[in-house]
Amino acid sequence: MNNIKLIFLTLVISFSFSLNVNSKPVPASFADLAEKLMPSVVNISTTTTVVTNTNPFPFQFPPGSPFEDMFKEFGTPQERQSAALGSGFIIDEKGIVVTNNHVIQDADDIIVRVNGDQEFKAKVLGADPLMDIAVLQLETDEKFIPVAFGNSDKARIGDWVLAIGNPFGLGGTVTAGIISARNRSIGLSRYEDFIQTDASINSGNSGGPLFDMEGNVIGINTAILGRNGSIGIGFSIPSNSAQIVIKQLIEFGETKRGWLGVRIQDVTKEIAEVEKLDKARGALVASVAENSPSEKAGIQAGDIILEFNGEKINQMKELPAIVARTEVGKKVEVKIWRDKKEIIKDVILGRLETSDDFKISKNQETEKQNNEEIIESLRIAVRQLTKEDIKNRNLPNQTTGLVITKIANNSPVANSIELNNIIIEAQKKKIRSADDLRKITNEVLNSNQKTVLLAIYNNQNQRRYIGVKLD
């Protein structure tokens, strides 16, 4: 009996030892790690001048009208200051700070607070809207404590992570959680390969770091799901992708992304069967841009790209990110599936930012921004919903409405509606134009009720009703 007990005890000890050697222990406390990292995490506040038109009427009075002088003041553009908060982190002792582009976009002044009490003005070294990254330089000769980047490719689902930031202006806030998922795409930008985490991330955490247990930055916190705050689903830009962009922004003040010159789509099971491909994988070339690197290399519409520069393409969405981070001018080997067999094409990459594709895309984005209109009663900016929006978001074909492009901090919808939500109804009447929304909200303002009922599509394309108290 004693021998049996001895053997059993030995097995238990061996098993326990195996667990301690082969797995990372649950941390008893994050205090030491947080204390070490907090001096490198900064709070960012910005001010932006917003020009609005106070005219409550959706038209102009004709010259000479007796009402022209009476309501002249309403047609005068008014300027006001809009403030925003965000987070960031120091990557160089000379005061180079990384944050999100949307934190500092269009800002007139940027103030960075270090250690909760030191304030410095900052200038933008470079910004990249496509990956939502910006690099700042603190305007001081002081030395700072930087943090290092880790290898985000080694981050695994279930690993512990720490987020530090400035949620709701509460600087120096530390939250912990795990990596919930990898390779997430949520439709915010062209290049998405987000790390998903359940570490609490809220408004104001944008641009802050996601740390591993070694104290290395493996992600830049950039987005959350949920209207009013964290619901345990936050998204971070992986450090390996971010570092390439950050390096270019510091060196050149702009990005230099690789360009292949193809429009691609998913390879479905049906397409794979027709093409005699073993399974649905790769990226199907829908069209090839004229005079592009792909056309010069002999890639054709109908080809399926299986590998790029030695990296397998399992899903279509992987290809743009891999191409973008590849050096401009590099000769790369592209493995494609054509006529039911693999062939190799050598492509010399161009630069995305100088391509016609990029210029057209940028012009379209500028055109959208120029078409923004202010809804003063809600203190938001909107643009018309387009057919492209409907297609990209898989909305019903007959959908009409307005896409929200800006929300003032003091807007009555600030805590209930997010950017890119779509207003489709007000007071249960369809919204087809900004004038429709202005008319309805002005009617509500002039009534005793003061509350308008809006129907929206949120960023998950869920239809919701929101009651908004106007003031």
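All figures in this text were calculated on a predicted structure; none of them were measured in a lab.

Caption draft 1: Structural detail: the overall build of the protein chain. Counting its regular elements, the protein chain contains eleven helices and 27 strands. Taking all 471 residues of the protein chain together, 42% fall into the buried category. Here the protein chain displays about 25400 Å² of accessible surface, and carbon together with sulfur accounts for 50% of that area.

Caption draft 2: Main features of the side chain of Glu425. Inspection of the secondary structure puts Glu425 in strand E24 (residues 422–426). Given the relative accessible area of 13%, Glu425 is considered buried. Within the structure, Glu425 has its side chain in polar contact with the side chain of Arg463 (distance 2.9 Å). If we ignore the near neighbours within four places in the chain, the residues touching Glu425 are Lys430, Ile431, Leu453, Leu454, Ala455, Arg463 and Tyr465.

Caption draft 3: View of unusual backbone geometry. With a phi close to 60°, Asn115 is a non-glycine residue in the positive phi region. Its place among the elements puts Asn115 in the loop between strand E4 (109–114) and strand E5 (118–128). A positive phi angle, near 55°, is found at Gln427, a position not held by glycine. Looking at the element boundaries, Gln427 is found in the loop between E24 and strand E25 (429–430). For Gln427, a relative accessible area of 27% puts it in the partly exposed group.

Caption draft 4: Representation of the packing of aromatic side chains. As enumerated under the stated definition, the model contains four aromatic pairs in all. Pairing Phe89 with Phe149 gives two aromatic rings, centres 5.9 Å apart and planes at 75°, and the pair type is edge-to-face. With Phe89 in strand E2 (residues 77–92) and Phe149 in the loop between strand E6 (133–138) and strand E7 (160–165), the pair connects residues that are 60 residues apart, well separated along the chain. Phe149 sits in the partly exposed class, given a relative accessible area of 22%. The interplanar angle of 45° and the centroid separation of 5.9 Å between the aromatic rings of Phe194 and Phe235 together place this pair among those described as tilted. Taken together, the residues span a long stretch of sequence, with Phe194 in strand E9 (residues 194–197) and Phe235 in strand E12 (residues 234–238) at a distance of 41 residues. Against the face of Phe252 rests Lys256, its NZ or CZ located 3.8 Å from the ring centre.

Caption draft 5: Up close: the sheet that holds E12. Reading around the barrel, the six strands line up as E7-E8-E9-E12-E11-E10 and close back on themselves, with antiparallel pairing between neighbours. If you compare each strand with its neighbour and ignore which way they point, the axes differ by 45° on average. Both E7 and strand E10 (residues 209–211) contribute to a ladder of two bridges, which runs antiparallel. The residue bridging Leu162 from the neighbouring strand is Phe211, located in E10. On the sheet, helix H5 (residues 239–252) packs against strand E11 (217–224) and E12 and is oriented at approximately 55° with respect to E12.

Caption draft 6: The arrangement of the pairing of E11 in detail. Taking burial as the measure, the eight residues of E11 include seven buried ones, the bulk of the element. Direction of pairing for E10 relative to E11: antiparallel, over a ladder of three bridges. Among the inter-strand pairings, Phe211 is bridged to a residue of E11, identified as Val217. By the bridge criterion, five bridges tie E11 to E12 in an arrangement that is antiparallel. By the bridge assignment, Ala223 is partnered in E12 with Phe235.

Caption draft 7: A look at the pattern of salt bridges. Applying the stated criterion to the full structure yields 14 salt bridges. The residue Glu307 makes a salt bridge to Lys335 at a minimum N-O spacing of 3.4 Å. Placement of the pair is Glu307 in strand E16 (residues 304–308) and Lys335 in strand E18 (residues 331–338), with a sequence separation of 28 residues. Judged by relative accessible area, which is 17%, Glu307 ranks as buried. The partner of Arg351 in a salt bridge is Glu353, with the nearest N and O atoms 3.2 Å apart. Pair check on accessibility: Arg351 and Glu353 agree, each one buried. One salt-bridge network, held together by shared partners, links Glu254, Arg351 and Glu353.

Caption draft 8: Layout of the environment of Thr99. Within the secondary structure layout, Thr99 lies in strand E3 (residues 96–99). Other than its neighbours up to four places away in sequence, Thr99 contacts Ile44, Ser87, Gly88, Ile104, Asp132, Ile133, Ala134, Leu136, Ser206 and Gly207. There is a polar contact of 2.6 Å between the side chain of Thr99 and the backbone oxygen of Ser87.

Caption draft 9: Summary view of the nonpolar core. Of all hydrophobic cores here, the largest spans 31 residues; its most connected members are Ile133, Phe211, Ile220, Ile237 and Ile246. Secondary structure elements with two or more residues in this core: helix H2 (31–37), E3, E6, E7, E11, E12 and H5. Of all the elements, H5 adds the most residues to this core, at four residues. When sequence neighbours within four positions are dropped, the list of residues in contact with Ile237 reads Asn100, Met131, Asp132, Ile133, Phe194, Ile218, Gly219, Ile220, Thr222 and Ala242.

Caption draft 10: Spotlight on the confidence of the model for the protein chain. The predicted model of the protein chain has a mean per-residue pLDDT of 85, with 83% of residues at 70 or higher. With pLDDT under 50 throughout, residues 6–22 is counted as low confidence; its partners more than four residues away or in other chains account for zero contacts.

Caption draft 11: Expanded view of H5. Look at H5: 19 Å from first C-alpha to last across 14 residues, which is about the 20 Å you get at 1.5 Å a residue. Every buried residue of H5 is listed here: Ser239, Ser241, Ala242, Val245, Ile246, Gln248 and Leu249. Just downstream of H5, Gly253 is the residue with a positive phi angle, here 80°.

Caption draft 12: Main features of the side chain of Arg379. The residue Arg379 is located in the loop between strand E21 (373–375) and strand E22 (380–384) in this model. Given a relative accessible area of 17%, Arg379 falls into the buried group. Arg379 has contacts with Ile407, Ala408, Asn410, Ser411, Pro412 and Asp471, leaving out every residue within four places of it along the chain.

Cut-off values and rules
- Residues numbered from 1 in each chain as written.
- Predicted model: local features only at pLDDT ≥ 70, side-chain atom pairs only at ≥ 80, totals over all residues.
- Heavy atoms only, no water.
- Helix = DSSP H or I, 4+ residues; strand = E, 2+ residues; numbered from the N terminus.
- Buried < 20%, exposed > 50% of the residue type's maximum accessible area, 1.4 Å probe, protein only.
- Areas by Shrake-Rupley, 256 points an atom, 1.4 Å probe, with all protein chains shown as cover.
- Polar contact = N/O pair within 3.5 Å; in protein donor to acceptor, adjacent residues only side chain to side chain.
- Contact = heavy atoms within 4.5 Å.
- Phe/Tyr/Trp six-rings, centres within 6.5 Å; stacked < 30°, edge-to-face > 60°.
- Lys NZ or Arg CZ within 6 Å of the ring centre and 35° of its normal.
- Pairing = 2+ DSSP bridges.
- Axes fitted to C-alpha atoms, helices over the stretch in contact; angles between N-to-C directions.
- Salt bridge = Lys/Arg side-chain N within 4 Å of Asp/Glu carboxyl O.
- Core = buried A, V, L, I, M, F, W, Y, C linked by side-chain atoms within 4.5 Å.
- pLDDT = per-residue confidence, 0-100.
- Expected span 1.5 Å × (residues − 1).

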